[in-house]
Amino acid sequence: MKPERGSGFFVPGFMKALIDIIDWEYPETREAYRPTVWDLSDKDEIYKLVLVLGNGVILELRAEADSEEVLRVLRGLFKGVGSCEQVTLTDKQKQRLWYYYEGDECYEQRGKNPGYMMIDPVPRPEKFGASGHP
């Protein structure tokens, strides 16, 4: 079922996030964080994020947002659909995770193979420029 207006997941307006995801398994070689722009005002983009969070296939996800509102939406998705809990990472976890940056908020999706969602807690509208693209 796709989220619709008023469902709590569809937020109209200009809402951008930079997101990179490692799903299913890690690549053979360590890859750098290379985010793509997600438009969280687009219900299809939200639906894709809901699916990957709900299916529990994420090993690591890192997100940056253009506004506090987008940060709120991402946190809600992580805690709601993703059933994640905010955690404080150990030094060992910080070193092991590919997408962790110092200062990130971290959320763990518990399970046999836990997933980690990292989010820069500071809005970064400058990364999106006037056109909304990095």
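Residues numbered from 1 in each chain as written. Predicted model: local features only at pLDDT ≥ 70, side-chain atom pairs only at ≥ 80, totals over all residues. Heavy atoms only, no water.

Peer 1: Now, about the packing of aromatic side chains: what can you tell me, with residues and values included?
Peer 2: On inspection of all chains with the given rule, the structure shows four aromatic pairs. Ring centres of Y26 and W98 lie 4.9 Å apart, and the angle between their planes is 50°; on these two criteria the pair is classed as tilted. In this pair, Y26 sits in the loop between β1 (16-23) and β2 (36-39) while W98 sits in the loop between α3 (91-96) and β5 (105-109), placing the two residues 72 residues apart along the sequence. The exposure class of Y26 is partly exposed, given its relative accessible area of 30%. Following the ring pairs from residue to residue traces out a cluster consisting of Y33, Y99 and Y101. Above the face of the Y33 ring, R62 is positioned so that its terminal group lies 4.9 Å from the ring centre. (Phe/Tyr/Trp six-rings, centres within 6.5 Å; stacked < 30°, edge-to-face > 60°. Helix = DSSP H or I, 4+ residues; strand = E, 2+ residues; numbered from the N terminus. Buried < 20%, exposed > 50% of the residue type's maximum accessible area, 1.4 Å probe, protein only. Lys NZ or Arg CZ within 6 Å of the ring centre and 35° of its normal.)

Peer 1: Explain helix α2 (residues 68-79) to me, using residue names and the numbers behind them.
Peer 2: The end-to-end C-alpha separation of α2 is 16 Å, in line with the 16 Å expected for twelve residues at 1.5 Å each. Along its buried surface, α2 packs onto β1, α1 (43-55), β3 (58-65), β5 and β6 (115-119). (Expected span 1.5 Å × (residues − 1). Contact = heavy atoms within 4.5 Å.)

Peer 1: Describe α1, and please don't skip the residues or the numbers.
Peer 2: When the terminal C-alpha atoms of α1 are compared, their 18 Å separation across 13 residues agrees well with the 18 Å that a helix rising 1.5 Å per residue should span. Every buried residue belonging to α1 is among E45, I46, L49, V50 and L53, and all of these are buried. Down the axis of α1, the buried side of the element spans an arc of 140°, and every buried residue falls inside it. As for α1, its buried residues are in contact with β1, β2, β3, α2, β5 and β6. Of the residues that open α1, the one with a side-chain oxygen 2.7 Å from the backbone nitrogen of D44 is D42. One or two positions beyond α1, positive phi appears at G56, with a value near 65°. (Arc of directions from axis to C-beta. Polar contact = N/O pair within 3.5 Å; in protein donor to acceptor, adjacent residues only side chain to side chain.)

Peer 1: Describe the pairing of β6, with residues and values.
Peer 2: Across a regular strand the side chains alternate sides, sitting on one face of the sheet and then on the other. Within β6, five of the five residues are buried, leaving the element largely enclosed by the surrounding structure. With four bridges connecting them, β3 and β6 associate as parallel partners. Bridged to E60 within β6 is Y116. Looking at chain direction, β5 and β6 are connected through five bridges and run antiparallel. In the strand pairing of β6, C106 is matched with M118. In textbook terms, the turn of a hairpin is the stretch between consecutive antiparallel strands, and for β5 and β6 this stretch comprises five residues, one of which, G111, has a positive phi near 160°. (Pairing = 2+ DSSP bridges.)

Peer 1: Which residues make up the sheet that holds β2, and what values do they have?
Peer 2: Strand order in the open sheet formed by six strands is β2-β1-β3-β6-β5-β4, with mixed pairing between adjacent strands. Each of the sheet's edge strands pairs with one partner strand only, and the pair in question is β2 and β4 (85-87). Averaged over neighbouring strand pairs, the angle between their axes works out to 30° when direction is ignored. One ladder, built from three bridges, connects β4 with β5; its direction is antiparallel. In the strand pairing of β5, V87 is matched with C106. Against the sheet, α1 engages β1, β2, β3, β5 and β6, with an angle of about 110° to β2. (Axes fitted to C-alpha atoms, helices over the stretch in contact; angles between N-to-C directions.)

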